[in-house]
Amino acid sequence: MPASGAVTRSTLRQQIADALRDEVLAGRLGPGEEFTVKQIAEQYGVSATPVREALVDLTAQGLLDSDQHRGFRVHRFSVEDYRGMVEARALVVDGVFRRLCVYGEKHQDRERERDGGWERDRDGGGGGMPLPAPARSPEERPPVPARGPEEPPPAGAVRRTPVRTPPHGARLVAVRRRGEEAARAARAGELDILIGYDLRFWRELSGFVANPYIVGFLHRLRVQAWVFAVPRLRADPRRDRWLWSGHEELVDAVALADPEAVSTVMDAYNAHSLRWADHLERCS
């Protein structure tokens, strides 16, 4: 049974659900393990009602199975279930990142085309001094496009150097930090650290589409995939070879609003997941 401890969430029902989900993700509650409402209530020192509600919530998320006479047990996902998760994830994520890239391309087009390449002097007068472009490394500077006949600039305008800026700004920087930590943990085979960073990375990245239904669906898929994966990975002394670490490459592709680069990273990720499924079937 899971160890008891302080709960910190806003409602007791959510606290218990989160605590039990963490126990399942960590593998301390393994596939097929059974327990009752009474056992969990006694373990956490709470009444049966919020425990029952939390267990029903986890059942609805596909993490538990309920039995009218025996209580609840951790759901046992099969390799075929995992393949289905990968397929569903691939279909939805493809649409998510296409939308992100379309948004990024529109953002960059607006930046390039704004005022026809001219910008008002900060002092509001005519002529003025050129506005300095933000410092950029040579790799970040876009090629200067060929121009047709020059049109006269607006009054009081100065030439502005076109600058390509990330479409999601500081939010994408924060996601990159999560991705860096997840990739580092994956390369080191640190499963417990990886799970938390990976879940947060994907939830925040998919959150750019601003659709809570998609975000929630993808998060549930990822939790289920980790519940399937954790006991199998813990049993593999060479598990680091099966831990995907392409988080940083994916953020780079999204930042560039490059649909082909995003597809390349995601195709490699899904192929990696399916190779692991093949490996599990061969070893079973």
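Conventions adopted
- Residues numbered from 1 in each chain as written.
- Predicted model: local features only at pLDDT ≥ 70, side-chain atom pairs only at ≥ 80, totals over all residues.
- Heavy atoms only, no water.
- Pairing = 2+ DSSP bridges.
- Helix = DSSP H or I, 4+ residues; strand = E, 2+ residues; numbered from the N terminus.
- Contact = heavy atoms within 4.5 Å.
- Axes fitted to C-alpha atoms, helices over the stretch in contact; angles between N-to-C directions.
- Salt bridge = Lys/Arg side-chain N within 4 Å of Asp/Glu carboxyl O.
- Buried < 20%, exposed > 50% of the residue type's maximum accessible area, 1.4 Å probe, protein only.
- Phe/Tyr/Trp six-rings, centres within 6.5 Å; stacked < 30°, edge-to-face > 60°.
- Parallel < 35°, antiparallel > 145°, perpendicular 65-115°, else oblique.
- Left-handed = near helix turned anticlockwise from the far one by under 90°.
- Nonpolar A, V, L, I, M, F, W, Y, C, P; charged D, E, K, R; others polar.

K.L.:
It is not clear to me how the pairing of strand S2 (residues 64-67) should be interpreted in this structure. Could you clarify?
P.N.:
On a regular strand, each side chain points to the face opposite its neighbour's, so the side chains alternate between the two faces of the sheet. The pairing of S2 with strand S3 (residues 71-74) spans 4 bridges and is antiparallel. What sits directly across from serine 66, in S3, is phenylalanine 72. In sequence, S2 turns back onto S3 through a hairpin of 3 residues.

K.L.:
How should the sheet that holds strand S1 (residues 34-35) be read in this particular structure?
P.N.:
Within a sheet, neighbouring strands are paired by backbone hydrogen bonds and run either parallel or antiparallel to one another. Judged by pairing direction, the sheet is antiparallel, and its 3 strands sit side by side in the order S1-S3-S2 without closing on themselves. Single-partner strands in this sheet number two, and they are S1 and S2. Sheet topology note: the S1/S3 ladder contains 2 bridges and is antiparallel. Within S3, the residue paired with phenylalanine 35 across the bridge is phenylalanine 72. Contacting S1, S2 and S3, helix H3 (residues 48-60) crosses the sheet at an angle of about 120° to S2.

K.L.:
Which parts of the structure should I look at to understand the pattern of salt bridges?
P.N.:
Close approach of charged atoms allows side chains with opposite charge to pair. Applying the stated rule across the entire model yields 15 salt bridges. A salt bridge links glutamate 248 to arginine 187, with the shortest nitrogen-to-oxygen separation between them at 3.7 Å. Separated by 61 residues along the polypeptide, glutamate 248 in helix H8 (residues 247-255) and arginine 187 in helix H5 (residues 169-188) bring together distant segments of the chain. By relative accessible area, glutamate 248 is classed as partly exposed at 22%. One continuous salt-bridge network, built from bridges that share partners, spans Arg83, Asp278 and Glu281.

K.L.:
Just to check I follow, could you spell out the packing of aromatic side chains for this structure?
P.N.:
The geometry of an aromatic ring pair comes down to the distance between the two centres and the angle between the two planes. This model, assessed by the stated rule, comprises 7 aromatic pairs. Arranged with centres 4.8 Å apart and planes meeting at 15°, the rings of tyrosine 82 and phenylalanine 228 form a pair that is stacked. Residue tyrosine 82 is located in helix H4 (residues 79-113), and its partner phenylalanine 228 is located in helix H7 (residues 212-234); the two are separated by 146 residues in the primary sequence. Of the residues examined, phenylalanine 228 reaches a relative accessible area of 1% and is grouped as buried. By way of ring pairs, the aromatic residues Phe201, Trp202, Trp244 and Tyr269 are connected into one cluster.

K.L.:
Can you walk me through the packing of H8 against helix H9 (residues 259-283) in this structure?
P.N.:
Each pair of packed helices can be described by the angle between their axes along with the distance between the axes. Between H8 and H9, whose axes approach to 8 Å, the crossing angle comes to 160°. With respect to H9, the axis of H8 lies roughly antiparallel. The element H8 and its partner H9 pack so that their crossing is left-handed. Contacts between H8 and H9 involve Glu249, Leu250, Ala253 and Val254 from the first element and Ala261, Val262, Val265 and Met266 from the second. Class assignment for the residues of the contact of H8 with H9 results in 7 nonpolar, no polar and 1 charged.

K.L.:
Just to check I follow, could you spell out the packing of helix H1 (residues 12-26) against H3 for this structure?
P.N.:
Orientation of H1 relative to H3, taken along the N-to-C sense of each, is 50°, at an axis distance of 8 Å. By the angle between their axes, H1 is oblique relative to H3. The interaxial crossing formed by H1 with H3 has right-handed handedness. Here Leu12, Arg13, Ile16, Ala17, Leu20 and Arg21 of H1 come into contact with H3, specifically with Pro50, Val51, Glu53, Ala54, Leu55, Asp57 and Leu58. The residue inventory of the contact of H1 with H3, partitioned by class, reads 9 nonpolar, no polar and 4 charged.

K.L.:
When you look at the environment of leucine 25 in this model, what are you seeing that I'm missing?
P.N.:
Tracing the chain through its elements places leucine 25 in helix H1. Residue class for leucine 25 comes out buried when judged on its relative accessible area of 7%. Between the C-alpha atom of leucine 25 and that of proline 231, which follows or precedes it by 206 residues, the distance is 9.1 Å.

Purely geometric numbers; function is a separate question.
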